[in-house]
Structure formats: C-alpha cells, structure tokens
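Observations on chain architecture
Residue strings, one per chain:
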Amino acid sequence: MATDGVSLSLKLPCVFSPKSRQYLAVCAQDGRLRVWNTDSKTLHQEYVPSAHLSATCTCVAWGPCRTVKEGPQRKKRKSEAAQVEEKADLLAMGTAAGTVLIYSTAKGSLHCTLDGGHSGGVNCVHWHPEDSLLYSGSDDTNIVEWDLQTGKTRSKWKADRAAVTSLCVSPDGKLLLSAGHVIKMWDLETKEVYRKFTGHSTAVTTLRFATTRPPDSNGLYFLSGAAHDRLLSVWQVREDGKDKNSVVSFTLTDEPQHVDLITSSSKEEAVRLAVVCKDGQLHLFEHFLNGPCKKPLSPSCSVQMSDTKESPMPIPLLAAALGADPQSVLLAYGNYLQPVMENAEINMAERHVCLARDLKTNLSLSMETTVSKVKTPIVNAKSKVLIPGLPGHKAPVVSAPQGTEKRKKDAGNKEMSIAERLGEIDLEASSSQKGAPKATASLQTDNYAVLLMQGLESKDANILNKVFQTRKEVEIKKTVARLPLPAVIPLVEELTTRLQGNPLVACMMVRWLKAVLVHHTSYLASLPDLVTQLGVLYHMIESRVKMFHKLTKLHGKLHLLTTQVAANDDRNAVSDVDHTAKLVYEEESSDEEEASGDEAFPNEDSDHWEEEEAMQEDEGDEEDEDPDSRTEPKANGDEDMEHENESEEE
C-alpha cells in the first residue's frame, strides 16, 4: 500500500462544479487552490492554505448546490423569490496531515476546518447528496462521518485492513461505497457491510454510481477503476447476492484519472461516460446497462489534443464534463497552474478525433482578461533584464540614511558600476609579487557568477574574457557551483566554441569545462535533448582523443631526438687537452739509451734464438771481465731482471 499511496499522491485534483459546470477547482503543484470560471475562462479565486507546503491537498470534492446568502439584502417580492438559483458554494479539501478544509467560494475564504478525526493522510472525501454530511477516508483505515453544522465527528468506523482510497455515496443517500483493495457497500443507517466486491489487484482510485435505481430491483450499477489498471469495471448489485464478478468492462489506454458520467434512471436510458486517462486522452462511452456483457467495450470516441507546430506535440487533457448535448464536452487541458477551458463540439461518428490548439494564444487571451489584485510595477520598455536573482548572492544592504539629501547623494555615488567592477578584478595576481603596491580588495566569488551570467545573457566578449581568464581553481569551482541551472547549457556552448580556437585559450577553458561537468552532472543527465545540445563538444573531444595517441608517439620521438642533439653538443663543447707536461723526469744515461736503440731486444723472427741468447751471455761475461769496457744500457727493466736472475742461478 505504500507504493499505491505514492501513486495516489502524485494525482493532482481537478474537478468541475456540479450542474452548471461554472467553476473548475484545481490544486496544483504549489499546494494552492485555484477556482477558475469556465464562462469567462479567468481565475475566479485563489486560496493558499496555511500549511500548503507541509500538508498538501490530496483530494477535492464539490458540495451539493445550495442557495447562498451573500450579506444583507433587501426583501424580495414573491415573483423574485421563485427565481433564486442554487449555486455551487462549498468545496471540501482533504490534506496529507489528516485534516479536511471546507472552503466557501461565495465568501472567498475558509468556511471551517475539520480535524481530530484521522491520524493519517486523507485520501478521499465525498458529500452526502441531501444532508449536510461529509464522508472522508484515510490511510488510518477509518471512515469518518462529519456534521458540517457542528463541525465535529458524527461517527467513525474501521473500514478495512488497508487504507481507504475511494468513497462514493449513492444518489438516494442510503448506501456508501468504500474501497482499498476490496470494495465494500455500507448501509449508512446501521454502518454495517451490505455487500463485498473483489476483483482489483491494486488500490481502487475511482468509484461512481452509474444508475439511480433501488438496490432490490437488480438495477443498481456502479463502476470502479484501480491504479495501474487499463479497465473500468461495472458491478451489478443483485438481489440474490450473486454479484462476485463485474458484468461490464470498459477498455482504456491508461489508468483513469478523471471520470464524469450521466446516470440512467431506467433500462431504456443509456449511461454516458467520459474518462480522462493518465496519458492525457479522453474516451467517451455510451452503453445500456441491462445485464452482463462478456466482451470488453471499446470507447465510442477517443479524443486527443496537440499543438499547431510543424512537429505536433500532445497536449494533456486534465478533466472533462459532459453536457446536455451528446456532442458537446467541456474540456480542461494544458497545465495545472494555468489550465485552458473550452466547450468543444466532438463528432461522435468518428472513432478517433484529434483537436489542434495553439496553447500560447489561448493562454495569452485568458491572461489578458484575468483580473488580479496584484499590481505590477510599470517598467520602461527600453530596459533589458540581464540576469535573474542568483541563489546565494546577496546585494549590499544600504541602511536607511538619516540626514540631508546631500548625504543620500553621496551614499548613492559609492555604488560601483560594472566597468569599475571589471577593473577591480585582479586577473594576473599582480599584488602577490614582491614590491608591488597594495591593490584594492578583489571582488567576491559570487560577483564572478553575476558577471558570467551577464556576459552569457548579453554575449559580451569583454566580460566573458575577463571572467574566463581566472586561473584559480577554487574561484572557478565556486563560480560554477553558484551558477543557476538555466545558465549551464549556454556556458557549455560558449566553452565549446572557445575550445575550438587558440590552444592556449583551450587550456584555460578545459578547467571551466571540468568544473561544470563535476558540479552539474545530475542536471545535465536529466535533460532529454542532451545528445543534440552537447553533440559538438562530444565530437570535438572524440576527434582530439583519437589524435592524442599519434601526438604522444610524435612527442616521444621528438624528445629522443632533442636529447641526442643536446648530448652531442655537450661533447663538442669540451675544451682542447693541454699537451704540455706538468712534470719531466730525466735519467743520467738517457743519451746512451737513445744511442743504443733496441740492441738488447732479441730478434723475434730468428729461429736460433737459443744460440743468440747463449752468445749474448758470453758477451756479458766478457764485459764483466773487462772493467774498461762500457756497459750497454738495457732497453727495458724486464730484461735486466731476467739477466739478474740468470746470473744468480749460475
């Protein structure tokens, strides 16, 4: 039942007044009750409940027409007294807080408040056709009978295990229908169950009596519709009690939201039915209720509405009321905040009818004739509004000056113009440099948001350049976060055009684009035409991503070449080596060594190296014996060492 309660709360009440159909009562999304005049197609009255936001209106029901006393009047003649007309006056509104508000259209104010009867939200209210009684059903599974003369509870009883979602009183005022998942018929005198009807799997949202015959004649019929059900079931109250199943079914295109019918008083009179579905279509039925019918009945005529554009879009129907003429239907369509009323002539010979209407012209005509108590200020036609109020932006509050007119003029001159504000924005952070003079205080972050909105609205390149040159990440994030949602798409389009230009500018725009995507992702995802609006940006990013791999390879190769060239330059830049010796060591026998040459080396090419070695040894012995002979210098120290070893061995 929780899910059913949610679906019921989303259904906005929209009801025509009985008999004359002069008024249309609508409770819109803002919780206000608006009563529209169907003749003049203007707003007749507007009522704002004290708790219209916390305790929203869930259901509305017009009371029976009555004669209304509108203040003190003179005594009328007998001929005039017979001409008194009954008008629709009282209007019952059930709220989610469990109270019932009674509003008087004749007084234009609240008549009384009925509270203390329900502990849960009120789902349905229905008037007694004759007595000043009102019945209400709630989520607390109880039905309360209210006495409007005293404004107190007359009786209260438990109706079902589940919440009571719909009520209807019979035309004679003796029986009451209540429904949750099970439909029960109550005897209002004894408050006991007269019959039970089962057949719906979801919560019943619609109950209406279709005939005015007594229940003991097998001629009493009523219809019911449930949530998420595309059928209207007709039930017969039989005298023998064998009424377990519905006798007739009417097929619909969606869940029924508003039902209007003209009852039949005999078998020869057909029941006329107008059903407005959740998808905004109207289905008209006409059937003689004289027993069961096996096949579901399709509508005799289905009505849709669309606008007059090249690609027509459907206009939802809100409510419909049948007239005395079978072809005339009173329609309410458009928006709940500003519905359009029209008496339409429908050709019942056609199965499907589409009515094309220009919704804007109809709204403008109705708004021109609307008499409002609110006075709008006269604004110069040449003035242009650049920006609405920003959330979080606070204008400087000027205290009421207490002095002469000169002080007022001086105080007014202190306010900065836009050019002065732009001049005070420190874009290059020059004040952070050492030795720089102390600059004036920079503007706050919300001023960036104001300037950005003004630049986007006026398409001023100077303002946009000043704002987009901001490089501080914190200021960019705060500016984008304070930006109103309608300005997100224009900002993305401006960033897309700038990304296609100079690469240096594109680097700065990427920071802004990143901040937009981080802060406003949920809003962008909720847009239905997001693909078409961001198609250019997507294709540009995709093309640059494809080129990124090739550019990375090229960057690597260029880096390798530059490093090699730099290394070669470093090698060539080394200074020439100084070949002059830092230290020279000279021996005493240096001249003799140069003269002797390589005589001490044996000939490597000779095969008789042993004989030559022996001859050298003999020469060495002779030299030792002859003290006067000069010693030949050794070519190297290695041979000296070898000969010393050999001499030691000998």
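The numbering scheme is per chain: residues are counted from 1 as the chain's sequence reads. Totals for whole chains, interfaces and linings use every residue, but because this is a predicted model, local features are given only for residues with pLDDT of at least 70 and side-chain atom pairs only at 80 or more, for both listing and counting. Only hydrogens and water are set aside when side-chain values are computed; all heavy atoms of the structure are taken into account.

As named in an unreviewed UniProt entry, the chain is WD repeat domain 43, taken from Xiphophorus maculatus. UniProt positions are given in the numbering used here, feature names are shortened, and annotations may be inferred rather than shown by experiment. UniProt lists a comment for the chain under the heading Sequence similarities (unreviewed entry), and it reads "Belongs to the UTP5 family."

As a further point, take the sheet that holds strand β21 (residues 256-262). Spatial ordering of the open sheet is given by β21-β22-β23-β24-β28, a layout of five strands whose pairing is mixed. Two strands close off the open sheet at either side, each with one partner strand: β21 and β28 (352-356). Ignoring which end each strand starts from, the neighbouring axes of this sheet average 20° apart. The sheet contact formed by strand β23 (residues 282-287) and strand β24 (residues 301-306) spans three bridges and is antiparallel. By the bridge assignment, H283 is partnered in β24 with S302. At least two bridges found by DSSP between two strands are what make those strands a pair. Helix and strand definitions follow DSSP, with helices as H or I runs of at least four residues and strands as E runs of at least two, each counted in order from the N terminus. Here an angle of 0 to 180 degrees is reported between the N-to-C directions of two axes, which are lines fitted to C-alpha atoms, with helices fitted over the stretch in contact.

Excluding glycine, most residues fall at negative phi; most peptide bonds, likewise, are trans. Residue T141 is not a glycine yet carries a positive backbone phi of 65°. As for its placement among the helices and strands, T141 is situated in the loop between β10 (133-138) and β11 (142-147). Note on classification: 1.4 Å probe, protein chains only; a residue is buried when its accessible area is under 20% of the maximum for its type, exposed when over 50%, partly exposed between these limits. On the basis of relative accessibility, which here comes to 9%, the residue T141 falls in the buried class. A positive phi angle, near 60°, is found at H228, a position not held by glycine. Looking at the secondary structure, you find H228 in the loop between β18 (220-226) and β19 (231-237). Judged by its relative accessible area of 57%, H228 is exposed.

Turning next to the environment of D147. In this fold, D147 is placed in strand β11. Taking C-alpha positions, D147 is 6.5 Å from S132, a pair spaced 15 residues apart along the chain. From its side chain, D147 meets the backbone nitrogen of Q149 in a polar contact 3.2 Å long. Whenever a nitrogen or oxygen atom comes within 3.5 Å of another N or O atom, the pair is scored as a polar contact, on the condition that within protein one atom can donate a hydrogen and the other can accept it, and that pairs from neighbouring residues in sequence are kept only if both atoms are in side chains.

Moving on, we get to the packing of helix α7 (residues 461-468) against helix α9 (residues 488-499). Packed helices, taken two at a time, are described by their axes: the angle between them and the distance between them. Where α7 meets α9, the axes come as close as 13 Å, and the angle between the chain directions of the two elements is 85°. Judged by the inter-axis angle, α7 sits roughly perpendicular to α9. On α9, the residues that touch A461, L464, N465 and F468 of α7 are L491, E494, L495 and R498. Here the term charged refers only to Asp, Glu, Lys and Arg, the term nonpolar to Ala, Val, Leu, Ile, Met, Phe, Trp, Tyr, Cys and Pro, and the term polar to all other amino acids, Gly among them. Taken together, the residues of the contact of α7 with α9 break down into five nonpolar, one polar and two charged. Working rule for angles: under 35 degrees goes down as roughly parallel, over 145 as roughly antiparallel, 65 to 115 as roughly perpendicular, anything else as oblique. Residue contacts are defined here by distance: any two heavy atoms, one from each residue, within 4.5 Å place the two residues in contact.

Contact geometry of helix α8 (residues 473-481) with helix α10 (residues 503-519) gives a least axis separation of 9 Å together with a crossing angle of 45°. In this view, α8 runs oblique relative to α10, as classed from their interaxial angle. In this structure, α8 crosses over α10, and the sense of that crossing is right-handed. Here E473, I476, K477, T479, V480 and A481 of α8 lie close against α10, whose contacting residues are R511, W512, A515, V516 and H519. Of the residues belonging to the contact of α8 with α10, the class tally is six nonpolar, two polar and three charged. Left-handed is the label given to a crossing in which the near helix is rotated counterclockwise from the far helix by less than a right angle, and right-handed is the label when the rotation is clockwise.

Right, let's talk about the side chain of S136 for a bit. Position of S136 among the secondary structure elements: in strand β10. For S136, a relative accessible area of 0% gives the class buried. Side chain to side chain, S136 and H118 meet in a polar contact 2.7 Å long. Not counting the four nearest positions on each side in its chain, S136 is found in contact with V100, H118, V122, C124, V125, N142, I143, V144, W146 and L167.

Moving on, we come to the pattern of salt bridges. A side-chain nitrogen of Lys or Arg and a carboxyl oxygen of Asp or Glu constitute a salt bridge if their distance falls within 4 Å. In the structure shown here, the tally under the stated rule is eight salt bridges. For R357, the salt bridge is made with E342, and the minimal N-O distance between the two is 2.7 Å. Placement of the pair is R357 in the loop between β28 and α3 (359-369) and E342 in strand β27 (residues 339-345), with a sequence separation of 15 residues. When its relative accessible area of 18% is taken as the criterion, E342 is described as buried.

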